[in-house]
Every structure is written in C-alpha cells, then in structure tokens.
Amino acid sequence: MSRAQLTRTGILRMALGGGADPLLPAEGGGGRRAPFLLRALRIAVVVCLYWFTSIAMVFLNKYLLDSPSLRLDAPLFVTFFQCALTAALCLGLSLGAACGPPCSGLPALRLDPKVSRSVLPLSAVFIGMVTSNNLCLKHVGVAFYNVGRSLTTVFNVLLSYLLLKQTTSLYALLACGVIIGGFWLGVDQEGAEGTLSWTGIFFGILASLCVSLNAIYTKKVLPVVDGSIWRLTFYNNVNACVLFFPLMVLLGEFRTLYHFDKLGSPSFWGMMTLGGVFGFAIGYVTGLQIKFTSPLTHNVSGTAKACAQTVLAVIYFEETKSFLWWTSNLMVLGGSFAYTWVKGLEMRKVQEDPNVKSGERNETGV
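Quick caveat, the model's predicted, so the values are computed rather than measured. (Residues numbered from 1 in each chain as written. Predicted model: local features only at pLDDT ≥ 70, side-chain atom pairs only at ≥ 80, totals over all residues. Heavy atoms only, no water.)

1. Describing the overall build of the chain
Argument step 1. A count of helical and extended segments in the chain gives 14 helices and 0 strands.
Argument step 2. From first element to last, N terminus to C terminus, the chain shows the α and β order α-α-α-α-α-α-α-α-α-α-α-α-α-α.
Argument step 3. Per-residue burial over the chain gives 48% buried out of 366 residues.
Argument step 4. Put simply, of all contacts in the chain between residues at least 6 apart along the chain, 83% involve residues at least 24 apart.
Argument step 5. As displayed, the chain has an accessible area near 17800 Å², and 67% of this comes from carbon and sulfur atoms. (Helix = DSSP H or I, 4+ residues; strand = E, 2+ residues; numbered from the N terminus. Buried < 20%, exposed > 50% of the residue type's maximum accessible area, 1.4 Å probe, protein only. Contact = heavy atoms within 4.5 Å. Areas by Shrake-Rupley, 256 points an atom, 1.4 Å probe, with all protein chains shown as cover.)

2. Some thoughts on unusual backbone geometry
Argument step 1. Residue Arg-71 is not a glycine yet carries a positive backbone phi of 55 degrees.
Argument step 2. Mapping Arg-71 onto the fold places it in the loop between α2 (36-66) and α3 (75-95).
Argument step 3. Look at Arg-71 and you get exposed, because its relative accessible area is 57%.
Argument step 4. Residue Glu-318 is not a glycine yet carries a positive backbone phi of 55 degrees.

3. Re the packing of α2 against α3
Argument step 1. Viewed as axis vectors pointing N to C, α2 and α3 meet at an angle of 140 degrees, and their least axial separation amounts to 9 Å. Taken together, α2 and α3 sit at an angle that is classed as oblique. α3 is crossed by α2, and the crossing has right-handed handedness. Each of Asn-61, Leu-64 and Leu-65 in α2 lies in contact with α3, whose residues at this interface are Pro-75, Val-78 and Gln-82. (Axes fitted to C-alpha atoms, helices over the stretch in contact; angles between N-to-C directions. Parallel < 35°, antiparallel > 145°, perpendicular 65-115°, else oblique. Left-handed = near helix turned anticlockwise from the far one by under 90°.)

4. Notes on the confidence of the model for the chain
Should the pLDDT be low somewhere, the predicted coordinates at that spot are not to be read in detail.
Argument step 1. With 84% of its residues at a pLDDT of at least 70, the chain reaches an overall mean of 83.
Argument step 2. The lowest-confidence element of the chain is helix α14 (residues 358-365), averaging 42 in pLDDT; the highest-confidence one is helix α7 (residues 170-192), averaging 94.
Argument step 3. Here residues 4-23 scores under 50 on pLDDT; set against residues more than four positions off or in separate chains, the count is 64 contacts.
Argument step 4. Of the regions scoring below 50 in pLDDT, residues 358-366 engages in 11 contacts with residues more than four places distant in sequence or in other chains. (pLDDT = per-residue confidence, 0-100.)

5. A look at the UniProt feature "transmembrane region" (unreviewed entry) in the chain
Argument step 1. Look at the UniProt record and you will see "transmembrane region" (unreviewed entry) annotated at residues 40-64, 76-98, 119-137, 143-163, 170-187, 199-217, 229-248 and 268-288.
Argument step 2. Within residues 40-64, the helical portion is 100% and the strand portion 0%, while the C-alpha atoms at the span's ends are 36 Å from each other.
Argument step 3. Taken end to end, residues 229-248 is 100% helix and 0% strand, and its first and last C-alpha atoms sit 28 Å apart. (UniProt positions renumbered as here; feature names shortened; annotations may be inferred.)

6. Details of the nonpolar core
Soluble globular proteins: nonpolar side chains tend toward being buried together.
Argument step 1. Ranked by internal contacts, the top residues of the largest apolar core, which has 54 residues, are Leu-72, Phe-77, Phe-144, Phe-244, Phe-268 and Met-272.
Argument step 2. Excluding anything up to four places from it in sequence, Leu-72 contacts Leu-64, Leu-65, Val-78, Lys-138, Leu-257, Phe-260 and Phe-268.
Argument step 3. Cys-90, Val-119, Val-221 and Ile-229 belong to the second-largest nonpolar core, a separate cluster that totals 16 residues. (Core = buried A, V, L, I, M, F, W, Y, C linked by side-chain atoms within 4.5 Å.)

7. Quick look at the packing of aromatic side chains
Argument step 1. Across all of its chains, the model carries 17 aromatic pairs by this definition.
Argument step 2. Taking 5.1 Å as the distance between ring centres and 65 degrees as the angle between the ring planes, the aromatic pair formed by Phe-260 and Phe-268 counts as edge-to-face. In this structure, Phe-260 and Phe-268 share a single accessibility class: buried.
Argument step 3. Here Phe-268 and Trp-269 contribute two aromatic rings whose centre-to-centre distance is 5.1 Å and whose plane-to-plane angle is 65 degrees, an arrangement assigned as edge-to-face. (Phe/Tyr/Trp six-rings, centres within 6.5 Å; stacked < 30°, edge-to-face > 60°.)

8. Some words on helix α9 (residues 229-250)
Argument step 1. Here α9 is 22 residues long and its end C-alpha atoms lie 32 Å apart, about the 32 Å a rise of 1.5 Å per residue gives.
Argument step 2. Its axis deflected by about 25 degrees at Phe-244, α9 carries its strongest bend there, up to four residues before the proline Pro-246.
Argument step 3. The positive-phi residue at the C-terminal boundary of α9 is Gly-252, with phi of around 70 degrees. (Expected span 1.5 Å × (residues − 1). Bend = angle between axes of the 7 residues up to and from the residue.)

9. With respect to a nonpolar patch on the surface
Argument step 1. On the surface, Leu-158, Tyr-161, Leu-162, Leu-163 and Leu-164 cluster together into a nonpolar patch covering about 490 Å² of accessible area.
Argument step 2. For Tyr-161, the location among the structural elements is in helix α6 (residues 152-164). (Patch = residues over 30% accessible without salt bridge, like charges linked within 9 Å, V, L, I, M, F, W, Y side chains within 5 Å. Salt bridge = Lys/Arg side-chain N within 4 Å of Asp/Glu carboxyl O.)

10. What about the packing of α3 against helix α4 (residues 113-139)?
Argument step 1. One can describe the packing of α3 onto α4 by two numbers: an axis separation of 10 Å at closest approach and a directional angle of 130 degrees. Taken together, the axis directions place α3 and α4 in an arrangement best described as oblique. For α3 against α4, the interelement crossing comes out right-handed. Note on element contacts: α4 touches α3 through Phe-126, Val-130, Thr-131, Asn-134, Leu-135 and Lys-138, opposite Pro-75, Leu-76, Thr-79, Gln-82 and Cys-83.
Argument step 2. For the contact of α3 with α4, a count of residues per class yields 6 nonpolar, 4 polar and 1 charged. (Nonpolar A, V, L, I, M, F, W, Y, C, P; charged D, E, K, R; others polar.)

11. A closer look at the pattern of salt bridges
Argument step 1. In the structure shown here, the tally under the stated rule is 8 salt bridges.
Argument step 2. Residues Lys-138 and Asp-73 are paired through a salt bridge, measuring 3.3 Å at the closest nitrogen-oxygen approach. Of this pair, Lys-138 sits in helix α4 while Asp-73 sits in the loop between α2 and α3, and the two are 65 residues apart along the sequence.
Argument step 3. Ionic pairing is found between Lys-321 and Glu-319, a salt bridge with its closest N-O pair at 3.8 Å.

12. Here's the deal with helix α11 (residues 266-292)
Argument step 1. With 27 residues, α11 should cover 39 Å at 1.5 Å per step; its first-to-last C-alpha distance of 38 Å lies within 8% of that length.
Argument step 2. At Ala-281, α11 shows its largest kink, close to 30 degrees.

What follows is the structure in structure tokens.
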C-alpha cells in the first residue's frame, strides 16, 4: 500500500492490535453467525474493494506524477495536496461525529501544539515514506513499482534485530533471500531492457526503509495521542503539510506551478482530489479486509493484488517483458508470500504454546 500509509498503516496496525475502529463494523455480539454464502460474498466484496482502491490509487498517482499529457514536475506538491486532503477528511469526519452512526465513535479533533511537536519525529519519517514512494513511482513504471520497493520485508527483519533485538527464523531469512534475489534480478532486467532508473531504484529502497521505520515510530508515538489512530493521522498529516512548504520552496515547485498551464483546469483538480480520496480510503478498506478475514489473509491478498497490478500495468502500457523479468516478479511475490506464511505459522505456534509469556506472544504477533 503506497502513500499508504499512516492513515493506511495506522488502521492496519489498529486492526492487527485488536483496537476498535469506529468506522469499521463491529464483530461478534454473541448473535447467530451469518450463513456461509453471505459471509463468503461479503469477504469477496471487501477483497475486491481493497484491490480496486489500491490499484486505482497507484495508477492515479502515476498519472499525476509522470503523465506526458499532464507534464507536471512537482511530486512534492502532489504529495502535499494529498496530505492536506487527508487532514481535511479526518477533520470533516470528526465534525460529523455529532450526526450519529457511522461517525459517532470518532474522537473530536483539535490542534494541540504540544502534541504536534511530540508527533514531529514520526511526521519526518512519514514525509520520507510518502515522498520516496511517489518519487519511486514517478521514475519507474507501474509494472516494476512492486519490485522497486519490495525490500520492506527485508528492512523489517533488519530493524527488528538492530532496534528490538528480535531474531528471525531460518525459513523467514530464506524467504527474505528470495526477495533480495528477485529485486536484483529485476534491476538487472530493467537495465537490459533500457528502462532502468537508478533514481527510481534509490527512492524505492528508501521507501522500503521508511515504511519499516514508520511502523516502529507509530508504535512509539501512539501513546501521545491516547492510542487514537485518527488523532495520529490528523496530527501527522498537518505536520507533513507544514514541513512540505520549505521543501517545495527549495526545489522550486512553486515556480513550476506558476508556469503550469493546467493549474486552472477542473479536470486536473478533479484527478488530484480523486487521488487524495483514494489515498485516504486505502486505510479504511485495509482495516475492513483484516476485519472480515485475518492479517495473514490480508498479506496474501496484498501479494496477489501486486501480481494483478503488475499484469494490468504491462497490458495497459503495452509493454513487452522478458522471461527473466517475469521471473524476478515471481521471486519477489513468492518470497513475500513465503515470509507471510512462515510468520503466520510461527505466530500460531507461539499463541498455542501455554509456556510462552504474553509479552513474547505480542512481539511475535507484531
């Protein structure tokens, strides 16, 4: 999931941690379970909604960042606008809390400078994450985008060891090795086809690192906002908007916007708004998919979605790829699936072992 991701990873972490999301339907209730066919249909609709939102967001961002017809060289402005829209949507949903369901459970939002300063370290990582994601997408094709930023799992393992002193099993490390092998094979094949962008590769690696750091900092900062993902999302995006201004000035993006011939075009602003709405919505549908399935199923669905996204991109942009190029994608997807499966089995084994302390269970789950 792409700029995906404080709203996106935030709700994901809430779902994984078992916290209640006021926008998601409640489960359980002690009542009778829905018929199997109805549950299966509901799961299928939720998974399709997740796939559609995620894939549409990537294609929309690619258009805004690198479309020959648009010719807008202002990636920070695109990211800034999406952050501003996310903050506005959070505030709007909060103001609508008085209207009753489904917004009645949302917390009231107000800007507290002290809390904003406490969230600032996470906001710096968040800016690095969303900016590097978008810059990677700007410089590489949609078909290669998944491979270009596929090292998130590897950085998760590395940072878990360096920062949390958590070790990883041999099978999980082997899966990471497959991902790294697929990444380097993909880079080699992009070079062989003459479409390699080292700038895109650099930002893809940076995006993978920032996604991992974002998860760690999110966990550290959540107590500052009383564990509220929505407050954290609001503060994070407000901080990001403020921090983006000097960056846009330094890179001359305001000058670029001044000379942009479509700045007054309703269709341009419509696409910008649609991209921001999809970016905000991905967090909700991510949490929805986890609610109706499981974290393991969500990761498997995400891997399958990445495969479908790659195939759609190759067809849409009428590209021809070599056998080894497809092999690199399969290695990345296969390694990601294998890692998810191994960690799922390990987590289940730990949870079923009565001799394991609760703290260790939580670490394994995370």
